[in-house]
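# Remarks on the overall topology
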Amino acid sequence: MYRRNGLPASVSITSRHTQDSSSSESLDGRSLDSAKSFDAVVFDMLKVTPEEFAELASCGWNKKEKHSLSPNVVAFTRRFNQVSFWAVREILTAQTLKIRAEILGHFIKIAKKLLELNNLHSLVSVVSALQSAPIFRLSKTWAVSYLI
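Model, not experiment: these values are computed from the prediction.

At a closest axis distance of 8 Å, the pairing of helix 3 (residues 71-92) and helix 5 (residues 120-130) adopts a crossing angle of 40°. With respect to each other, helix 3 and helix 5 are oriented oblique. Read as a crossing pair, helix 3 and helix 5 show a hand that is right-handed. Where helix 3 approaches helix 5, its residues Phe76, Arg79, Phe80, Val83, Ser84, Ala87, Val88 and Ile91 are matched on the opposing element by His121, Val124, Ser125, Val126, Ser128, Ala129 and Leu130. Of the residues in the contact of helix 3 with helix 5, the class split is 10 nonpolar, four polar and one charged.

Before going further, it helps to spend a moment on the confidence of the model for the chain. Taken as a whole, the chain shows an average pLDDT of 76; of its residues, 70% reach a score of 70 or greater. Below pLDDT 50 for its whole length, residues 1-38 participates in 46 contacts with residues either more than four positions away or in separate chains.

Okay, the environment of Leu97 next. Within the fold, Leu97 resides in helix 4 (residues 97-116). Separated by 48 residues in sequence, Leu97 and Ser145 have C-alpha atoms that sit 9.4 Å apart. Those residues within four positions of Leu97 in sequence are excluded, and the remaining contacts are Lys140, Thr141 and Val144.

The next point concerns helix 3. Spacing of three or four residues puts side chains on the same side of an α-helix, whose turn is 3.6 residues. Compared with an ideal rise of 1.5 Å per residue, which puts 22 residues at 32 Å, helix 3 spans 31 Å between its outermost C-alpha atoms and is within 8% of the ideal. Taken as a whole, helix 3 has its buried residues at Val73, Val74, Ala75, Val83, Ser84, Ala87, Val88 and Ile91.

This part takes up unusual backbone geometry. In this structure, Asn118 is a non-glycine residue whose phi angle is positive, near 60°. With respect to the helices and strands, Asn118 occurs in the loop between helix 4 and helix 5.

Scanning the entire structure with this criterion turns up one aromatic pair. Between Trp86 and Phe107, the aromatic rings sit 5.2 Å apart at their centres with planes inclined by 75°, giving edge-to-face as the arrangement. Of this pair, Trp86 sits in helix 3 while Phe107 is found in helix 4, placing the two residues 21 residues apart along the sequence.

Quick look at the nonpolar core now. Counting 15 residues, the largest nonpolar core has Ile91, Leu104, Phe107, Val126, Leu130, Ile135 and Trp142 as its most contacted members. Those elements that provide at least two residues to this core are helix 3, helix 4 and helix 5. The contact partners of Leu130, leaving out residues within four places of it in the chain, are Ile91, Leu104, Phe107, Ile108, Ile135, Phe136 and Trp142.

Reading the values: rules and limits
Residues numbered from 1 in each chain as written. Predicted model: local features only at pLDDT ≥ 70, side-chain atom pairs only at ≥ 80, totals over all residues. Heavy atoms only, no water. Axes fitted to C-alpha atoms, helices over the stretch in contact; angles between N-to-C directions. Helix = DSSP H or I, 4+ residues; strand = E, 2+ residues; numbered from the N terminus. Parallel < 35°, antiparallel > 145°, perpendicular 65-115°, else oblique. Left-handed = near helix turned anticlockwise from the far one by under 90°. Contact = heavy atoms within 4.5 Å. Nonpolar A, V, L, I, M, F, W, Y, C, P; charged D, E, K, R; others polar. pLDDT = per-residue confidence, 0-100. Expected span 1.5 Å × (residues − 1). Buried < 20%, exposed > 50% of the residue type's maximum accessible area, 1.4 Å probe, protein only. Phe/Tyr/Trp six-rings, centres within 6.5 Å; stacked < 30°, edge-to-face > 60°. Core = buried A, V, L, I, M, F, W, Y, C linked by side-chain atoms within 4.5 Å.

Now the structure itself:
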């Protein structure tokens, strides 16, 4: 069962801006002058069903019966792997170095657009493909893609 933004429709999400201070502090107490404010996603914990929370807390996706214990996490992982392996396959099956470099550059543009859209799941999936061993080793392709 897929849900919008990974949360049930009953979960309300709000954004809170901190504007009362001119600088932020990191967890270890050091000041971060470059961070003037930040967004925090806040949701009502009481609107998340116990079953949904238990799916994540139980690490059910590591067990043999993961498809029944954690179907949403399994689907999330499967989609990540599909996108990542698809990107790798598209780059590696290109016929020439120039085409491979164009496809690589196109996936970099896709990653930038995914970042703009805050689609972090797909973004990390594409970046994972670009950082995979088979793609990382394509030194000539990377060199040509910087020229395009």
